[in-house]
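Here is how the chains run, residue by residue.
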Amino acid sequence: QIRQKLIIVFDNMDRLPAHKVKELWSSIHTFFAEVSYDNIWVIITFDRNHLANAFGKSESSDYAVEAKKLTSHFINKTFPVIYRVASPIISDLKVVFSDYFAEAFGKDDISKKEKNLIFRMFDIIKPNPTIRDVIAFINELVSQKMAWKKEISLLDIAIFTLTKNKIINNESSIAINILSNNYYADIRALVDEDEELQESISALAYSIDKDSARQVPMTQYLKDLFIDETNTNDINS
């Protein structure tokens with residue numbers, strides 16, 4: 001008789017499409033929820049909202065409520081024990097961020113001031129981040145820094161990484177989005193508004209060198225000169 005314990009873990013269910021979640025959930029319930037095994041433990045990590053979306057068929061508010069009730073019913077019938085994992089508080093999140101940041105860039109290569117500023121920006125734009133969000137953000141910083149090296153500062157790379165969805169949401173309006181400076185409205189108090197930033201963001205958005213990227217802010221400057229009806233700007237200079 002086998003007396004060893006077997007632990008089966010189902011993870012990353014939130015990465016599956018809705019129909020796959022239903023299929024997996026049905027299999028788990030069939031094999032493990034109906035019968036009790038002395039030597040087998042099954043651990044399933046899940047997100048209630050993701051399960052509710054999988055079991056739901058409509059985006060209407062009434063059906064959303066019903067989907068959540070149905071999800072709770074399935075969960076309670078499937079699991080004899082349920083543990084809730086609380087979201088990290090700000091101090092815990094900062095420790096995790098610092099640890100991954102140090103692992104990626106070294107403990108002393110990036111100044112404490114710059115690291116704290118990047119974390120503050122991340123915390124503002126990602127108000128309820130998961131550990132996966134932290135890892136994904138820092139991984140993208142690493143890949144971009146490896147590509148650009150010293151040409152673009154890590155701070156400018158962080159600003160682009162956090163705001164790129166607002167910058168490149170429409171290929172035809174990238175320059176307009178960059179020149180408007182609205183993309184970093186949420187972190188405006190932490191950002192130095194200058195032409196250097198526009199050049200860096202332009203280079204990152206268009207994947208071109210900074211010398212070529214200077215045409216983006218220069219284009220807007222020239223447009224302003226040509227449409228200046230007050231003649232307050234000297235176009236010759």
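Because the structure is a prediction, the values reported are computed rather than measured.

Student: When you look at the overall build of the protein in this model, what are you seeing that I'm missing?
Tutor: A count of helices and strands for the protein gives 11 helices and two strands. Mapped in sequence order, the helices and strands of the protein form the string β-α-β-α-α-α-α-α-α-α-α-α-α. Whereas a compact globule of 237 residues would reach a radius of gyration of roughly 18 Å, the protein reaches 25 Å, over 25% beyond that. Seen through its C-alpha atoms, the protein measures out along the principal axes to roughly 90 × 45 × 30 Å. The buried share among the 237 residues of the protein stands at 30%. Considering only residue pairs separated by 6 or more positions, the protein has 60% of its internal contacts joining residues 24 or more positions apart. When the accessible area of the protein is evaluated, it comes to approximately 16100 Å², of which 52% is carbon and sulfur surface. Across the protein, the 28 positively charged side chains and the 34 negatively charged ones have centroids separated by 10 Å.

Student: I would appreciate a short explanation of unusual backbone geometry in the present structure.
Tutor: Glycine aside, residues mostly have negative phi, and peptide bonds are mostly found in the trans state. Phi angles above zero are rare outside glycine, and lysine 149 is one such case at about 50°. You can see lysine 149 is positioned in the loop between helix H6 (131–148) and helix H7 (154–167). Look at lysine 149 and you get exposed, because its relative accessible area is 55%. Even without being a glycine, serine 207 presents a positive backbone phi close to 55°. Assignment of secondary structure puts serine 207 in the loop between helix H9 (195–206) and helix H10 (210–213).

Student: When you look at helix H2 (residues 48–55) in this model, what are you seeing that I'm missing?
Tutor: The periodicity of an α-helix, 3.6 residues per turn, causes residues three or four places apart in sequence to face the same way. Residues of H2 that are buried: Leu51, Ala52, Ala54 and Phe55. Projected down its long axis, H2 shows its buried positions confined to an angular sector of 160°, all on one face.

Student: Sorry, what's going on with the environment of aspartate 194 here?
Tutor: Structurally, aspartate 194 is set in the loop between helix H8 (174–180) and H9. For aspartate 194, the side chain forms a polar contact with the main-chain nitrogen of leucine 197, separated by 2.9 Å.

Student: Sorry if this is basic, but what is going on with the nonpolar core here?
Tutor: Where a protein is soluble and globular, its nonpolar side chains tend to be buried together. Grouped together as the largest cluster of nonpolar side chains are 37 residues, with contacts concentrated most on Phe97, Phe101, Ile118, Met121, Phe137 and Leu141. For this core, the secondary structure elements donating two or more residues are helix H4 (90–105), helix H5 (112–125), H6, H7, H8 and H9. Sort the elements by how many residues they give to this core and H7 lands first, with eight residues. Ignoring anything within four residues of it in the chain, the contact list for phenylalanine 137 reads Phe97, Ile118, Phe122, Ala158, Thr161 and Leu162.

About the cut-offs
Along every chain, residues carry numbers that run from 1 in the direction the sequence is written. In view of the model being predicted, local features appear only for residues whose pLDDT reaches at least 70, and side-chain atom pairs are presented and counted only at 80 or more, with totals across whole chains, interfaces and linings using the full set of residues. The side-chain numbers reported here are obtained from all heavy atoms of the structure, hydrogens and water having been left aside. Numbering of helices and strands runs from the N terminus, with a helix taken as a DSSP run of H or I at least four residues long and a strand as a DSSP run of E at least two residues long. The size measure is the radius of gyration over C-alpha atoms, and the globule rule it meets is 2.2 Å times the number of residues to the 0.38 power. Only protein chains enter the accessibility calculation, which uses a 1.4 Å probe. A residue is then buried if its area is under 20% of the maximum for its type, exposed if over 50%, and partly exposed in between. Note on contacts: a residue pair is in contact if any heavy atoms of the two residues lie within 4.5 Å. Working definition of accessibility: Shrake-Rupley area with a 1.4 Å probe, residue cover restricted to the visible protein chains. We score Asp and Glu as negative and Lys and Arg as positive, and we do not count His or the chain ends. Taken as the charge centre is NZ of Lys, CZ of Arg, CG of Asp or CD of Glu, depending on the residue. Arc definition: it is the arc formed by the directions from the helix axis to the C-beta atoms. N or O atoms within 3.5 Å of each other form a polar contact, as long as, within protein, one can give a hydrogen and the other can take it, and as long as residues adjacent in sequence are counted only when both atoms are side-chain atoms. To qualify as a nonpolar core, a set must consist of buried Ala, Val, Leu, Ile, Met, Phe, Trp, Tyr and Cys residues joined through side-chain atoms within 4.5 Å.

These values are about where atoms sit, not about what they do.
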